[in-house]
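Read off the chains here:
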Amino acid sequence: MCASEVRVAVQAADGVDEVMLVDGRFRVLARGIGEVEADVAPGIYRAVARNGDASRDTLFAVSEADRVRVVRLDPVVFATPIPLAGTSRTRQRHAASAAGIGAAPTARLGTGAGLAILLRDPGEPDRELDPAALGHHAASFDGFDLTGPGIDGRIALDAIATREVAAGYLLANAEVAPGAYVLRAPPRHGERRCMPLVVPAGWTLQLFVAMVPDAQDSAARLADLDDAAVVIERTGVPFIPEREDLKLLELARRALARGEGIIDRDAMRALLRGKFDNPMLGLMAAHLILLRAEPDLALLDIVLGNTASLLGRDHPDVVALEARRARLGDLATSTDRLTAIVTRLHAPPMLQLGWRYVMEAARALPSPPRGGPFALAGQVVDASVWVNWIESDAHPSVAVPMVGTVAPHADDGPLAEMLGRVTANLRTFVARPEAATRSRPELGELAREVARAVLGRVSSAADAEHMRDLTERGIALLAEHVDWPAVVRRLKRMVRTRGGGELALSPAQRRLALALKELHEMASDGDGLTGTELREWLERQGLAVSGLSTDLARLLAVAEQVLDRRGDDAPPERLEG
């Protein structure tokens, strides 16, 4: 510590909040959980506490007269699909309904394990809806189905669930046989999202899904599987909304969503303590270790061994981690060893990083496997922490052969061509919105085309890095050429005057809109960011570049509609995230 430096301590109100100390050039000087300290020179700094999709921050000055500066941040009230106490989207009826999870199953599909699925609308519970709108809202919970051990074909989720339309939730709480299940969401535009749920013997897997507004129908809701939360709890243990370890689990999930191994030593210790009550903490801790620039392989071996003892060595997420571990450090990576690991995979892992690891391992084999879970290679969506895949009219089954090679990293191919088309259309759109929609494909459709090309085709680390580069280029382009301050102003006005249901945005999309607005203003002032700076800046807003393609597509479509409408701009006000 130099004589001119001052010790700064930043403290969060909650010990599981992520804390950062940022300097005036957007550089993160210190990052940790609960509290961080750093020695800094006099100047202006920002202290940030973050959890989930919410954050608290404050600017403060450090002077030469300071010896020690302590900055205490207000509590972060974050959103989560789990009905946790003290979070922004918790509803009392939802928490009460979840209390029976694990302890009091209401349906039996088998024995030896449990599966609970809570779909809940976290919106205002007392809003008044006319009969037609109420019907649309209720219908949002229709059409989910489940397949797995002991189920003949598929079973409608509604057939095994408790449903409270007025309270906005559906809870399926079943005793099941251990094994791999698949939840299918209702079809949208001929496509269905599918999510694997691997239920270990002696445990209850709990899936929490928020039902978010449908942009095309203000009363309807869509299942946000990208932002779902998964808990693995001992069968017979009831759900407790005050549990602190579930807040830590949500912090770990958000870190994985950003692709960062940011969990510090104290938080990692807490994760590992909790894994015996919730093995999902162990799986996430292992992935967070692997995301570090220099993974602690000795710690990884301990975490992986303990988690495997709880879930079983043939659990797909354990297999995926073993496949990655086999290719690191001084362990033998012989073809026979890798083949033995990969061929144990009987179902897709639940975590997206695990899918990437098994695909990398499979492609390293002389004869990559093509059947079983590897048939999903062309349909898996890389837009979430969780593995999701798309069933469509074109691909009614999941039997898609695995592609053994990927496009050369140096060649952008059709993705770059489509990005170029978006660029050209943007330039026309910015100059004359009405001409853009008539003389070229609509901006929103072009963006959706890019999103469709991206989704399901990122299956190796090289592919993921390549797509992050493309997405960063697209974000920089959009930030510069679309008048996002006007989009935000007009969107707020439309929401205030007529509800804006047809233009409803998810929390992540609202955060992205505000981020693009700020980036546009920075670019207008000549303060552009490099690719690395842009990525770090977005991550500080809680936005992972690797998962923004669908959110960008939605925002582009909204921008097209909003900027094409006439009317006075709204006065400045805060757009809530």
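Before any of the text, the structure's been laid out above.
Every value quoted in this text rests on a predicted model; they were computed, and no experiment measured them. (Residues numbered from 1 in each chain as written. Predicted model: local features only at pLDDT ≥ 70, side-chain atom pairs only at ≥ 80, totals over all residues. Heavy atoms only, no water.)

A. Inspection of the overall build of the chain at higher detail. Scanning the chain for helices and strands turns up 17 helices and 20 strands. For the chain, with 577 residues in total, the buried portion stands at 55%. Partitioning the contacts of the chain with sequence separation of at least 6, the portion at a separation of at least 24 is 70%. Summed over its atoms, the accessible surface of the chain is roughly 24,000 Å², and 51% of this surface lies on carbon and sulfur atoms. (Helix = DSSP H or I, 4+ residues; strand = E, 2+ residues; numbered from the N terminus. Buried < 20%, exposed > 50% of the residue type's maximum accessible area, 1.4 Å probe, protein only. Contact = heavy atoms within 4.5 Å. Areas by Shrake-Rupley, 256 points an atom, 1.4 Å probe, with all protein chains shown as cover.)

B. View of the side chain of Asp227. Locating Asp227 in the fold gives a position in the loop between β17 (217-223) and β18 (229-234). Residue classification places Asp227 among the buried residues on the basis of a relative accessible area of 15%. In contact with Asp227, other than residues within four places in its own chain, are Pro81, Arg89, Arg253 and Arg254.

C. Region of the structure containing the side chain of Asp121. Of note, Asp121 is situated in the loop between β9 (113-120) and α2 (131-139). The buried category is assigned to Asp121, whose relative accessible area is 4%. Here the side chain of Asp121 touches His137 through a polar contact of 2.8 Å, side chain to side chain. (Polar contact = N/O pair within 3.5 Å; in protein donor to acceptor, adjacent residues only side chain to side chain.)

D. Local environment of the sheet that holds strand β4 (residues 35-40). A sheet is described by the order of its strands in space; here three strands give the open sequence β4-β1-β7, paired in mixed fashion. Looking at which strands have only one partner, the edges of the open sheet turn out to be β4 and β7 (68-72). Across this sheet, the average inter-strand angle for adjacent strands is 15 degrees, counted without regard to direction. Across six bridges, the pairing between strand β1 (residues 6-11) and β4 is antiparallel. Bridged to Ala9 within β4 is Glu37. (Pairing = 2+ DSSP bridges. Axes fitted to C-alpha atoms, helices over the stretch in contact; angles between N-to-C directions.)

E. Region of interest: the pattern of salt bridges. In this structure the tally under the stated criterion is 25 salt bridges. Across the pair Asp23 and Arg27 runs a salt bridge, and its minimum N-O distance is 2.7 Å. Classification of Asp23 as buried rests on a relative accessible area of 10%. Arg27 sits in the partly exposed class, given a relative accessible area of 46%. Residue Asp158 pairs with Arg163 through a salt bridge whose shortest N-O separation is 3.3 Å. A relative accessible area of 37% means that Asp158 is categorised as partly exposed. What emerges from the salt-bridge pattern is a single network uniting Asp145, Arg154, Arg184, Arg192 and Glu391. (Salt bridge = Lys/Arg side-chain N within 4 Å of Asp/Glu carboxyl O.)

F. Main features of helix α5 (residues 279-291). With 13 residues, α5 ought to run about 18 Å at 1.5 Å a step, and its terminal C-alpha atoms sit 19 Å apart, in line with that. Most of α5 is tucked away: twelve of the 13 residues are buried. Of all the positions in α5, only Pro279, Met280, Leu281, Gly282, Leu283, Met284, Ala285, Ala286, His287, Leu288, Ile289 and Leu290 are classed as buried. (Expected span 1.5 Å × (residues − 1).)

G. Structural detail: the packing of aromatic side chains. This model, assessed by the stated rule, comprises two aromatic pairs. Seen from their ring centres, Phe208 and Phe239 are 5.6 Å apart, and the 45 degrees between their planes marks the pair as tilted. Note that Phe208 is positioned in strand β16 (residues 203-214) and Phe239 in the loop between β18 and α3 (244-258), a separation of 31 residues in sequence. Accessibility expressed as a relative area gives 1% for Phe208, which makes it buried. Judged by its relative accessible area of 6%, Phe239 falls in the buried class. (Phe/Tyr/Trp six-rings, centres within 6.5 Å; stacked < 30°, edge-to-face > 60°.)

H. Just the sheet that holds strand β5 (residues 43-51), in detail. Reading across the sheet, the four strands line up as β3-β2-β5-β6 and stay open at both edges, with antiparallel pairing between neighbours. Of all strands in the sheet, those with a lone pairing partner are β3 (28-33) and β6 (54-62), marking the two edges. Taken pair by pair, the neighbouring strands of this sheet meet at an average axis angle of 15 degrees, ignoring direction. Pairing of β5 with β6, which is carried by nine bridges, proceeds in the antiparallel orientation. Bridging across to β6, Arg46 finds its partner in Leu59. Contacting β2 (18-22), β3 and β5, α3 runs over the sheet at an angle of about 115 degrees to β5.

I. Focus on the environment of Ala180. Secondary-structure assignment places Ala180 in strand β14 (residues 179-184). Residue classification places Ala180 among the partly exposed positions, given a relative accessible area of 29%. Expressed as a C-alpha distance, the spacing of Ala180 and Pro200, which sit 20 residues apart in the sequence, is 8.6 Å. Filtering out sequence-adjacent residues up to four positions away, Ala180 remains in contact with Thr147, Gly148, Pro149, Leu197, Val198 and Ala347.

J. Representation of the pairing of β1 within the structure. Here β1 runs beside β7; their pairing, made up of five bridges, is parallel. Within β7, the residue paired with Arg7 across the bridge is Val68.

K. Structural detail: the nonpolar core. Ile117, Leu207, Met280 and Trp386 are the most contacted members of the largest nonpolar core, which totals 75 residues. The element that contributes the greatest number of residues to this core is α5, accounting for nine residues. Those residues within four positions of Ile117 in sequence are excluded, and the remaining contacts are Leu146, Leu157, Leu170, Leu171, Ala172, Leu183, Leu197 and Leu207. Of all hydrophobic cores here, the second largest spans 22 residues; its members include Val182, Cys194, Ala377 and Val380. (Core = buried A, V, L, I, M, F, W, Y, C linked by side-chain atoms within 4.5 Å.)

L. Molecular detail of the environment of Ala138. Mapped onto the fold, Ala138 is located in helix α2. Separated by 30 residues in sequence, Ala138 and Gly168 have C-alpha atoms that sit 7.9 Å apart. Excluding anything up to four places from it in sequence, Ala138 contacts Arg163 and Val165.

M. Seen up close, α3. The first and last C-alpha atoms of α3 sit 22 Å apart over 15 residues, in line with the 21 Å expected at 1.5 Å per residue. After α3 finishes, the residue Gly259 shows a positive phi value of roughly 70 degrees.

N. Region of the structure containing unusual backbone geometry. We note that Phe26 has phi near 65 degrees; this positive angle belongs to a residue other than glycine. As for its position among the elements, Phe26 is in the loop between β2 and β3.

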